[in-house]
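These are the residues of each chain, in order.
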Amino acid sequence: MKFIRIVLSLVLAVTLLSPGAAMAKDTKKMGKILDVSGSAVVNKGGEKKFKAVKNMAVTEGDVLLTGEEGRVELELDSDKLVYIGPDTKLMIHELVKSAKAMEGKTSLSLQKGSVLIKVKKKLTEDSRFEIKTPTTVMGVMGTEFIVGYAQAQTYVGVLEGRVAVRRAILAEATAEVTVRPGEQLRRTADGTGAVEALDWGDLPLFVLEQHYEDLKSAGGTLPEVLELLQRTIERKTEEELSDRQGGRTAATAVIRFEDEGVGSPGSLTPSGNSSGGHDPAPTNPTVISVPQFEQDPERRIDVSIVLKLYGDRITRVMRADTETDLVEGADYVVAAGSNSDQTVLVIRASYMQGIEDGIESLGLKLFFASGFHLPMIELHARLPQPPEVDMERIGNEPYSLVWDLSTLSIPFTMPIEFNTGAGAPDPVESAITLTNAVAYDPDHPRPIDASGLSIEGNRLIIKLDGFLELKSEITFYIQDGLLRNPNTGDLQQLIELSSEVKPHADREQVTYSKSQPGDLVWLVNGLGDAFGPDDDYDTVLSDPMGAQPQILMPLQDFSAENEGSQLRFTLRQAFLNTLDPGEYLLQIPFEYLDVLDHAVIKITVEN
């Protein structure tokens, strides 16, 4: 019962706010090692060392150490993963379940090496997740990032989300720097260092390999991006192998920085040069971003593909499926991008509009002066998002289409607005066709005109020129193009709906338990004009199994009070307690123009 639920909710709220709850203490949590490769140990509580193995539990105070080729995958919560790279020392400084927060508090201390961290969901306001190095503190506001520490320098690279970085000085407040997706920051012990574009060449090999697998598993990443990432992995693998064979120390997580512009975490590209004095790695043109185009040719505009050419030049653009060349100047132009190192290939609207209607994708091949070519850039058509009727809501509220005997209300799954463009009906009421089939003459439905249309949030409100009858059925058609999605401009398709015209309660089925007594209360929609229970019509409770129907007495067994267009119907506790366990049907009468109908409610009585 609603009354009992409210009381229980209040008791629960008081309990949660009681002094005992406020004094609840934080408790330690346990993490788990998901995978180990190479050499790795766990220093439990800073004392005994154990070989790291799969499914080993770790907790606050434990230190994990990996060898030159060791790697560990660690789960701290169901939503926090830490990938520990080779030659790394990581301490679990704090791992507790907070009395105030579901996720609690997590703090890691990276003494050397590098880690990749993934946070699967956004932290709550009362939760905290930090990772520290001897010189820097990183506060997690994001989902996927890399931290490295070597030679008194801290490296932070962000793939997704954001990371707030500040100096690890407790005696004074230090300014935070936010590192965003596609950015990286290297900080020295004195706090110097600027945020720059992320460079794949600066990432540890184990991070690149994990990121490559993640992109492949997620799908949707451009083949050119995966190919470029794979080449970077192969190059770094050869470098590390060469270092080991030559007896040199493997490259650290912090290699070099450069000021590079980027498009998005899924399209990061390696830099063409470095500040470390090495020869630049060979680079080929790559794609930064590819937009969508409209399926409707009349709505297509210029399509701008952003590329990074590394000094190369586009010499030819071909449509892949027909192997026909686009004409420079007429079909496409090449322009400078918003960043100095980016180039934009603009496919003109005139060419796009000439492509067939309904096409779902367009493949392009690009050829360059160097002889390199991109075998496929695939542009996808934007999926239309026309306004659609919220059939799930109608299914849950089968009579909600009829607000009252002169008003219909149609819920949509998104915001809507009237179409004022080409093809819009004028007047808008002409787009609505309505027929009302009455119970005594169902074979001859009569037409009804719409006298006015309006929009309230996600609902289309139809005002009728006349009144519906109880026990009838209303059918209506809405011509396509009356409504549109205000965000995309997509037009609504033809709508056909029908609904019974009858009173209904807000709950059509309820269970009453004598062990938790109380009145049962319903709000019953009498469709605005129908009259509810009175001396002329009986409110009846019947047993579906065939027992004699029971006539309820006003005031003694129930009460009925008007609340606007609704009726508040209360079934008394004293009456309910006289009923034997079982199922019953409650029929509340409504009358309009000498037509009688009932709101029917199923009641299950339990001891």
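Residues numbered from 1 in each chain as written. Predicted model: local features only at pLDDT ≥ 70, side-chain atom pairs only at ≥ 80, totals over all residues. Heavy atoms only, no water.

S.K.: A description of the nonpolar core should follow, citing residues and the corresponding values.
M.R.: Generally speaking, soluble globular proteins have nonpolar side chains that are buried together. Ranked by internal contacts, the top residues of the largest apolar core, which has 55 residues, are Ile410, Leu434, Ile462, Trp522, Leu571, Leu586 and Ile603. If you look at the next biggest cluster of nonpolar residues, it comprises 33 residues, including Val42, Val58, Ile92 and Val165. (Core = buried A, V, L, I, M, F, W, Y, C linked by side-chain atoms within 4.5 Å. Buried < 20%, exposed > 50% of the residue type's maximum accessible area, 1.4 Å probe, protein only.)

S.K.: Give me the environment of Gly104: which residues, what numbers.
M.R.: The residue Gly104 is located in the loop between strand 9 (89–97) and strand 10 (105–119) in this model. Given the relative accessible area of 1%, Gly104 is considered buried. Taking C-alpha positions, Gly104 is 9.0 Å from Lys29, a pair spaced 75 residues apart along the chain. (Helix = DSSP H or I, 4+ residues; strand = E, 2+ residues; numbered from the N terminus.)

S.K.: Describe the pairing of strand 3 (residues 40–44), with residues and values.
M.R.: As paired elements, strand 3 and strand 6 (residues 63–66) share four bridges and run antiparallel to each other. Within strand 6, the position partnered with Ala40 by the bridge is Thr66. As defined by bridge partners, strand 3 adjoins strand 4 (residues 48–51) across four bridges and the pair is classed as antiparallel. Among the inter-strand pairings, Val42 is bridged to a residue of strand 4, identified as Phe50. (Pairing = 2+ DSSP bridges.)

S.K.: Got a sec to walk through the packing of aromatic side chains? Specific residues and values, please.
M.R.: Under the criterion given, the structure shown has three aromatic pairs. With 6.0 Å between their ring centres and 35° between their planes, Phe368 and Phe372 make a pair best called tilted. Summarising the aromatic geometry, the rings of Phe558 and Phe569 are spaced 5.1 Å apart at their centres and angled 20° between planes, so their arrangement reads as stacked. On the criterion of sequence distance, the pair formed by Phe558 in strand 42 (residues 558–563) and Phe569 in strand 43 (residues 566–571) is long-range, its members being eleven residues apart. In terms of burial, Phe558 and Phe569 fall into one category: buried. Counting every residue linked through ring pairs, the aromatic cluster contains Trp522, Phe558 and Phe569. Its end group placed over the ring of Phe367, Arg316 keeps NZ or CZ at 4.7 Å from the ring centre. (Phe/Tyr/Trp six-rings, centres within 6.5 Å; stacked < 30°, edge-to-face > 60°. Lys NZ or Arg CZ within 6 Å of the ring centre and 35° of its normal.)

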